[in-house]
Each structure stands twice: as structure tokens, then as C-alpha cells.
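Now for the letters of each chain:
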Amino acid sequence: MDYTYEQIAGMIDHSLLKPELCDEELEAGCRVALDYGVASVCIKPYSLRRCAELLAGSDVAPGTVVGFPHGANATAVKVAEARQALADGARELDFVANVGKALSGDWDFVREDIRAVVECGHGGGSLVKIIFENCYLRDEHKVRLCEICAEVGADFVKTSTGFAPGGATVEDLELMRKHSPPQVQVKAAGGVRTLDALLEVRAVGVTRVGATATVEILEECKKRLALSQV
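J.: Just to check I follow, could you spell out the nonpolar core for this structure?
T.: For soluble globular proteins, the rule of thumb is that nonpolar side chains tend to be buried together. With 68 residues, the main nonpolar core has V41, I114, I130, F132, V206 and V209 as its most contacted residues. If we ignore the near neighbours within four places in the chain, the residues touching I114 are F95, A97, I130, L145, I148, C149 and V152.

If you want it as C-alpha cells, here you go:
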């Protein structure tokens, strides 16, 4: 095996964003993240403060979303969301770019929208990941978004929210990795539900994966590693 359990768990952002998740399920999800030692929890914004309390003292980062799920909020509202998230303990922010503005070719707006949240997040010590929602975009839009994210110092470019008609594809991930500098990491979200799928995106340079199937992926990882040592 060319991976360890810690390496695979360290790729996973455990996603707790489904609208139907209740408080009990959100808290249980945070405990799953702790038990399995994943990179972070990405939780609904109103639950972030409690998430941060549950994860305190661990290496699992509390995180949430900004401008979710359509990226259509005014920039000032997105910045306010980011500030609130930082106050509630966020160490990672997943921010949705304005898809309509990208499709309109209004790249100055897109750049300043992203820049405002990146600067706010970094000012509060948080990583910032920019969600493209690739299923709505052409390749030229994706490339330009990668260039802008590099220009403004984003930490990650990310394929999808997981709430649109399409999710991560290997082709998109290869394109994003190719057009992003080394310091900008790539996150896959939407449809990575098995260990094999995670390993496939890992092979093209993905370093984070948004997952709801965290337990299934990591239990399979444990099983394969144990078998490899027999």
C-alpha cells in the first residue's frame, strides 16, 4: 500500500451540511470526526460554535460554509458570514464563488468577491477553500477561476458544493491541478463515496475530499491495511 491510515483520514473533510440533519445528528457527526481523526468537520453555520466546542483540543479543524450553496449573496454579506464563522471558532471556510458572475464574464467582480473573503479568513487564521460548482461552468471558466484564486492567495480550489446536479470528476480535478500553482491545493467534493474513489482523486493530486461516507471509506481503509500486513 502506498498510503497510511493517517494519510487517508487526513484528506477528509467530514461534511455535515445536509438540510435535514438535526442537532443530535450534527453532534454525533462531530464525534465521528474525532473518532476517525479526519482533517476537519464542515458543518452548517449555526452549529459551528458547538462543533468547535466538541473538537476543542483535537487536531480536527472546525469549519463551515460561506455563501452556500449558490454563491449569490452580496460580497458584504459573505464577509459578514466569514466574520461570524471566525468568531464561532472556524479554522476552515468553504466559500462559494459567484457562479452567475463567472458565467457573465465579470471577472473583476469575481476576483474582488473572492479576495474579500480570503482576506477576512486569513486575517482570522482560517484556511479558505473556493468552491467553483463546476457542473455549471465551461473549462475556460474553471481555468480563469483557478488563476484568480492563485492571484488572491486562496488555499484551495474545490469542485462542487455537493448540492448541484454534478460533483467531482477526474477530468475537472486534473484541469484544476494543472492550472493552480503548488501552494493552492485541490479539494474534490460531490460523489467521492468509496475508498477507491478517494484513491483515484488522490492520484491526480487532490489533497482534500469532502465526504459524508467517512465511516465507510475509513473502515475500508483499515480493512485493506490490515490485510496487507497479513
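J.: Hey, could you run me through the layout of surface pockets in this one?
T.: The method is simple in principle: a probe with the dimensions of a water molecule rolls over the atoms, and the space it marks as empty is what remains. Reported here for the largest pocket is a volume of approximately 310 Å³. Every residue lining the largest pocket is counted, 21 residues in all, and those nearest its centre are S15, T161, G162, G190 and T212. Mapped by element, the contributors of at least two residues to the lining of the largest pocket are β1 (12-16), β7 (185-189) and β8 (208-211). Among the residues making up the lining of the largest pocket, the classes are represented as seven nonpolar, eight polar and six charged.

J.: Could you clarify how one ought to interpret the packing of helix α6 (residues 107-123) against helix α7 (residues 139-152) in this entry?
T.: The description of two packed helices rests on the angle between their axes and on the distance between the axes. At a minimum axis separation of 10 Å, α6 and α7 run at an interaxial angle of 45 degrees. For the element pair α6 / α7, the angle class is oblique. Crossing of α6 against α7: the hand is right-handed. On α7, the residues touching W107, V110, R111, I114, R115 and V118 of α6 are H141, R144, L145, I148, C149, E151 and V152. Class assignment for the residues of the contact of α6 with α7 results in eight nonpolar, one polar and four charged.

J.: I tried to follow the packing of helix α4 (residues 75-87) against α6 on my own but got confused; where do I start?
T.: Between α4 and α6, the shortest axis-to-axis distance is 9 Å and the interhelical angle comes to 15 degrees. One finds that α4 runs roughly parallel with respect to α6. At the point where α4 passes α6, the crossing takes the right-handed sense. Contacts between α4 and α6 involve T75, K78, V79, A82, R83 and L86 on the former and, on the latter, F109, E112, D113, A116, V117, C120 and G121. Broken down by class, the residue content of the contact of α4 with α6 amounts to seven nonpolar, two polar and four charged.

J.: Looking at this structure, I do not really get the pattern of salt bridges. What am I missing?
T.: Any two side chains of opposite charge can pair if their charged atoms end up close together. Scanning the model with the defined rule gives 26 salt bridges in all. E151 is paired through a salt bridge with R144; the nearest N and O atoms lie 3.4 Å apart. Using a relative accessible area of 46% as the deciding quantity, one classes E151 as partly exposed. Ionic contacts of the salt-bridge type, sharing partners, join the residues D13, E92, D94, K129, K158, K187 and R208 into one network.

J.: Please explain the pairing of strand β4 (residues 92-96) as it appears in this structure.
T.: In regular strands, side chains alternate between the two faces of the sheet. Of all five residues in β4, five are buried, a share of seventy percent or more. Note: strand β3 (residues 61-66) against β4, four bridges, orientation parallel. Bridging across to β4, V65 finds its partner in D94. Following the backbone out of β3, through α4 and into the adjacent parallel β4, one traces a crossover that is right-handed. Here five bridges tie β4 to strand β5 (residues 127-131), and the two strands are oriented parallel to one another. Its bridge partner being in β5, F95 is matched across the sheet by I130.

J.: Explanation requested: unusual backbone geometry in the structure shown.
T.: Backbone phi values are negative for most residues with the exception of glycine, while trans is the configuration of most peptide bonds. Following F68, the chain continues into P69 via a peptide bond in cis, with omega recorded as 0 degrees. Along the polypeptide, P69 turns up in the loop between β3 and α4. With phi around 60 degrees, E133 is a residue other than glycine that occupies positive phi space.

Cut-offs applied
Residues numbered from 1 in each chain as written. Predicted model: local features only at pLDDT ≥ 70, side-chain atom pairs only at ≥ 80, totals over all residues. Heavy atoms only, no water. Core = buried A, V, L, I, M, F, W, Y, C linked by side-chain atoms within 4.5 Å. Buried < 20%, exposed > 50% of the residue type's maximum accessible area, 1.4 Å probe, protein only. Contact = heavy atoms within 4.5 Å. 1 Å grid on protein atoms, 1.4 Å probe; cavity = no way out; pocket = protein on both sides within 12 Å on 5 of 7 lines; lining within 4 Å. Points joined across faces, edges and corners; volume = space filled by probe spheres on them. Helix = DSSP H or I, 4+ residues; strand = E, 2+ residues; numbered from the N terminus. Nonpolar A, V, L, I, M, F, W, Y, C, P; charged D, E, K, R; others polar. Axes fitted to C-alpha atoms, helices over the stretch in contact; angles between N-to-C directions. Parallel < 35°, antiparallel > 145°, perpendicular 65-115°, else oblique. Left-handed = near helix turned anticlockwise from the far one by under 90°. Salt bridge = Lys/Arg side-chain N within 4 Å of Asp/Glu carboxyl O. Pairing = 2+ DSSP bridges. Right-handed = clockwise from strand over helix to strand, strands pointing away.

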